[in-house]
Each structure stands twice: as C-alpha cells, then as structure tokens.
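# Residue-level structural notes
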Amino acid sequence: MWSDVAEYIQARSCRWSFEPDEGEWGIHQLDDPPHNRLLGPVFARGPAAGVIAIDGSIQCQWGDIHRADMTFSVTKSYLAMVAGIAVSQGLITDINQPVSDCLEQHGVSSHGFESPHNRTISWRHLLHFTSEWSGTCFGVPDQIDHYRNVSMQPAANTQRKGDKRPLKSPGTYWEYNDVRINQFSLALMQLFDRELPDVFAEYIMRPLGGSDTWHWHGYENSWVEVNGKRLQSVPGGGHWGGGMVISAHDQMLLAQLMINNGQFNGQQILPAQWIEQMRTPCDIAPWYGFFTWLNTGHVVSSAIPAESYFAMGIGGQLVWHDPTRSIVAVLRWIDSECTHDILSCIADELAGG
C-alpha cells in the first residue's frame, strides 16, 4: 500500500537539524579558510516531505508538499532548464561553441573566459562538468573543489579535497565543482541580459502553473553590471548558501515537464531535443548528463530502470524521473544512505508488492 511506502520513507528521514545554525548545513564547512563561510542566505527546513505521481496523477504524498525549502544541488537541473530556454530562443545556437565566442557575438564581455585555456571551454563542457575552467568566481577559486567526492560518483578520489591538481584539457576530465557551475550561471545571465530567476519564472514556472512560493537567491557579492544594469547572479546550489528554495509540489511539476519531453498542456516549454540531451550520458562520465544524474548501468539503483535519471542535492534531496513508466518521485529530507532502499521500496509497490 502507498501508505506503507510513505511511512517507510518518513522513517528514514534526514538527520539534519531544523535550524541552519544548529547543525551541518551546506558543505562550506569542509572548505579551507577563508572560503568556509556562507555567502548567501540559508533557511530553516521543514520535516520530510514528498510526492509520487504516475502520468501526472498523485499516488502518494507525505509531509507538507507545498512548503518551500532549500533544495541545494537539485538547483543545477533547473539551471540546465534555463540553458534550454537560451537554446530555444537562439541565444545559444551550438552547445559545442566556446562560451567566450558566444558571449562576444552577443556583445557581452567574456569575463572569466579570457585566458587561452578558458577560451576553449564550450557550453557542453560546463554542462557536463568537464570544463576544467580555472579562475575565481565571486571570491572563490575553482581549486576549492579539486579532488571533491560526491556520493553518487562511482570512482572516488583519494586525494584531499581542495589540494591543487594539474588542469586537464577541457572535455577530458570530470569533476563536480560548484565554482564552475557558478561561472556557468554568470555567463548564462550575461547572455540573457537579465537575472535568471526572472527567466525561470517567465518561461518555465508560470506556464506550468507553479506556485509563487519559490525563490532563487544569490550571494552578497554576486552582483555584477551587465549593459549598465546591476544584476545578481544566482548559484547552482547551496554550497555557500543561496540557491533555490522550492516546494515538493512545484518540483513535481518540473519533473513532469521533463518526463513529458518539455510539453505541458500542448505547449512546448522546453525543446524535446534539449530534454534528451540533458539525460544523455557524458562520454567520459556515463553516470552524468547535463547537470543531471543518470542510472546508466544501474549505478544509482538496480531496483529501477537504467533509463531513470535524477536531480540530487545534499540533505536528502532527490527527484527521480522514470520515463519508461511516466513516474515522478520527489523526496525531500531523506537519509541519503537509504536512497537505494527507498527506491527499492517504491519499485516494489509499483510492481504490486
């Protein structure tokens, strides 16, 4: 019974404190000084919540699915959606084009991409986390996430996080790096010539009929001037605070948009080809698409189809997409160590117990 599934998941809730000043909130605490501090706001959280839907119909829910909470690196997948809007509007015509060339063609400064190394980095490299972008973004150097390990990464580094390593050629080395995604977000904002939360609201959330409870926060030092306007760039997660604050219900709508290949009520909100590319494996990191985790070879869970893909964030944030059966599951504040068990529990219910 779905009620048993909800009870099972709630019994495996994240052990984080409910107030951000009382426990482990964000991974900035693992960074070397002076970068082990918050640059953006953090917010108190609610209890575990979630929803499971099939063909857009809710089968199971628990907790307050309308409460907006921080979603950390799930934000990366939403940033990839915004990049899809840039493609649909013709701002990006070739994701293999160097970012510097694209920005300059639109009369925008290629700040951060001036060096010979960075000038060769394409949009695809950044979306796949294979860019090897080198520099400092909003006061934080890319080195801070060198040798970083994340839980769904199949091959773990043995070196200490933050130790300097030799850079590789763009496209030849995969590394989960929050400084580089912030540089990507900044470049995307410059391309749109407007703040990304406004783009996300106009072209995605409003057409979906999403709530007005979500918000996307930048850093205290992420204000930049673009064409004479003072705009705030937003991060692709909550590493140093900020990022997306959103409800499980709104996340379900966004996941359903992905499952439906970018369509909602007959309107093509995102290009179907873009959705396909988001969930296509990176050549050198087959567990990853465009800011999207994949279940290639059942690397995340053997209990669910290999075609499944995910948006994930620390604190037990998980959005599961199963395109083979049009299933969406939004899980908020689960114990990440129980991810496989929880997915297996849901899979058993879907199989009839």
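For the structure given in this document, a descriptive report is provided here. (Residues numbered from 1 in each chain as written. Predicted model: local features only at pLDDT ≥ 70, side-chain atom pairs only at ≥ 80, totals over all residues. Heavy atoms only, no water.)

### Describing helix 9 (residues 339-350)
- Taking 1.5 Å as the rise per residue, helix 9 with 12 residues should run 16 Å; its terminal C-alpha atoms sit 17 Å apart, in good agreement.
- On its buried side, helix 9 packs onto helix 1 (2-10), strand 1 (49-54), strand 13 (309-313), strand 14 (317-322) and strand 15 (327-332).
- Positive backbone phi, approximately 95 degrees, marks Gly352, located one or two places after helix 9. (Helix = DSSP H or I, 4+ residues; strand = E, 2+ residues; numbered from the N terminus. Expected span 1.5 Å × (residues − 1). Contact = heavy atoms within 4.5 Å.)

### Quick word on the pairing of strand 7 (residues 223-226)
- As judged from the four bridges shared by strand 7 and strand 8 (residues 229-232), these two strands associate in the antiparallel manner. Bridge pairing links Val226 to Lys229 in strand 8. (Pairing = 2+ DSSP bridges.)

### Looking at the nonpolar core
- Counting residues in hydrophobic clusters, the biggest one holds 109 residues, and the most contacted among them are Trp123, Leu188, Phe200, Trp293 and Ile346.
- What Leu188 contacts, discounting residues up to four positions off in sequence, is Leu79, Val82, Ala83, Ala86, Ile92, Trp123 and Leu196.
- The next biggest cluster of nonpolar side chains, apart from the first, holds eight residues, and it includes Cys14, Trp25, Met70 and Val245. (Core = buried A, V, L, I, M, F, W, Y, C linked by side-chain atoms within 4.5 Å. Buried < 20%, exposed > 50% of the residue type's maximum accessible area, 1.4 Å probe, protein only.)

### Examining the side chain of Gln317
- Mapped onto the elements of the fold, Gln317 is located in strand 14.
- Looking at Gln317, its side chain comes within polar contact range of the main-chain oxygen of Gly315, at 3.1 Å.
- Polar contacts involving the side chain of Gln317 include one to the side chain of Arg332, which spans 2.6 Å.
- Apart from the residues lying within four places of it in its own chain, the contact partners of Gln317 are Met70, Thr71, Phe72, Val74, Ala311, Met312, Leu331, Arg332 and Trp333. (Polar contact = N/O pair within 3.5 Å; in protein donor to acceptor, adjacent residues only side chain to side chain.)

### Quick word on the sheet that holds strand 6 (residues 215-217)
- Judged by pairing direction, the sheet is antiparallel, and its three strands sit side by side in the order 3-9-6 without closing on themselves. Edge positions in the sheet fall to strand 3 (68-70) and strand 6, since each has one partner strand and no second. Strand after strand, the sheet turns through a mean of 25 degrees between neighbouring axes, direction not considered.
- Summarising the sheet, strand 6 and strand 9 (residues 243-247) pair through three bridges and their orientation is antiparallel. (Axes fitted to C-alpha atoms, helices over the stretch in contact; angles between N-to-C directions.)

### Side note on the packing of aromatic side chains
- Under the criterion given, the structure shown has 20 aromatic pairs.
- Summarising the aromatic geometry, the rings of Phe138 and Tyr219 are spaced 6.3 Å apart at their centres and angled 85 degrees between planes, so their arrangement reads as edge-to-face. Placement of Phe138 in the loop between strand 4 (136-137) and strand 5 (140-141) and of Tyr219 in the loop between strand 6 and strand 7 is noted, with a sequence separation of 81 residues between them. For the pair shown, Phe138 and Tyr219 are each scored as buried.
- For the pair Trp174 and Tyr176, a centre-to-centre distance of 6.4 Å together with 45 degrees between the ring planes defines the contact as tilted. (Phe/Tyr/Trp six-rings, centres within 6.5 Å; stacked < 30°, edge-to-face > 60°.)

### Here we look at the environment of Ser115
- Of note, Ser115 is situated in the loop between helix 3 (99-105) and helix 4 (123-127).
- Ser115 sits 18 residues away from Trp133 along the chain, and the two C-alpha atoms are 9.9 Å apart.

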